Amino acid sequence: YLNRIVIPNTQTNFVIKVGALQVELLQAQVDVMRIRRKLGILRNKIEKGENLAARELEEQVALEFQSWDEKLKNEHARINEAKARFSSLPSLEDAEEIQSLYRRLAAKLHPEINPDQGAEARAFWPQVHLAYAWGDLFQLKALFIMASDYPDSYDLPSNLGRILHNCDILKGRIRQMMNHLEKMKQHPVFEWKRILDDPQYLASVQGRLREEIHRVRIQRTALADILHSLQMRALS
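Notes on the structure follow. (Residues numbered from 1 in each chain as written. Predicted model: local features only at pLDDT ≥ 70, side-chain atom pairs only at ≥ 80, totals over all residues. Heavy atoms only, no water.)

With that settled, consider the overall build of the chain. Of regular secondary structure, the chain possesses nine helices and zero strands. Going from the N terminus to the C terminus, the chain shows its helices and strands as α-α-α-α-α-α-α-α-α. The C-alpha radius of gyration of the chain comes to 29 Å, more than 25% above the 18 Å expected for a compact globule of 236 residues. Seen along its three principal axes, the alpha-carbon backbone of the chain occupies a region of about 100 × 35 × 30 Å. Counting the 236 residues in the chain, one finds 32% classified as buried. For the chain, the exposed area adds up to about 15,600 Å²; of that, 55% sits on carbon and sulfur atoms. (Helix = DSSP H or I, 4+ residues; strand = E, 2+ residues; numbered from the N terminus. Rg over C-alpha atoms; globule rule 2.2 N^0.38 Å. Buried < 20%, exposed > 50% of the residue type's maximum accessible area, 1.4 Å probe, protein only. Areas by Shrake-Rupley, 256 points an atom, 1.4 Å probe, with all protein chains shown as cover.)

So this is what it looks like as structure tokens:
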């Protein structure tokens with residue numbers, strides 16, 4: 001559930017609600033750096049009494065900022081991909097139903113929970129797992145109906161050694177899953193989820209980003225005016 005629903009949904013929402021503003025800020029900052037570089041080149045040429053055509057200036061700066069432009073292109077593509085993915089994410093209601101069906105099917109068909117089930121039931125389980133992995137609610141519903149032909153439980157082993165062996169296997173699996181969960185908690189997406197789940201905190205993060213974007217844009221406009229004046233001076 002964390003892998004299929006929580007992490008993808010959180011990543012997508014964070015990219016749309018916060019990441020897009022971060023990219024917008026980065027774009028404004030790169031624009032400022034670009035103008036500053038143009039000013040530096042132009043002032044240097046004027047001081048040396050050399051001429052520099054506007055086209056040459058653009059080409060030189062474009063070459064220097066090629067890696068930044070590529071990074072911004074990738075970031076914008078990531079934002080657009082997240083927006084497109086957002087429409088295909090399962091709703092919370094569908095996600096909960098998928099999870100519920102999967103748990104009920106697992107209780108009946110998972111080979112580790114039901115080690116004594118028949119070959120037909122064992123062969124049926126991979127279809128359930130695949131439908132769950134793809135988030136296919138329709139297929140899971142169909143599989144749930146088909147699974148009604150299988151018994152709800154199987155005969156428990158009467159041998160104490162077999163029971164203890166099965167218990168040891170399950171304990172090992174539980175330890176593995178708990179370790180995996182602890183590692184998953186280190187994923188940055190859970191910090192993003194904390195932001196998204198707190199409307200006031202989210203609004204403050206967005207507000208700070210918008211304020212910084214506005215400040216950098218004012219700086220960009222002022223620098224653009226200085227650049228324009230300097231270019232006019234160079235032409236005259």
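Together, Leu160, Ile163 and Leu164 make up a nonpolar patch on the protein surface, roughly 270 Å² of accessible area in all. Within the fold, Leu164 resides in helix α7 (residues 160-184). Leu164 sits in the partly exposed class, given a relative accessible area of 46%. (Patch = residues over 30% accessible without salt bridge, like charges linked within 9 Å, V, L, I, M, F, W, Y side chains within 5 Å. Salt bridge = Lys/Arg side-chain N within 4 Å of Asp/Glu carboxyl O.)

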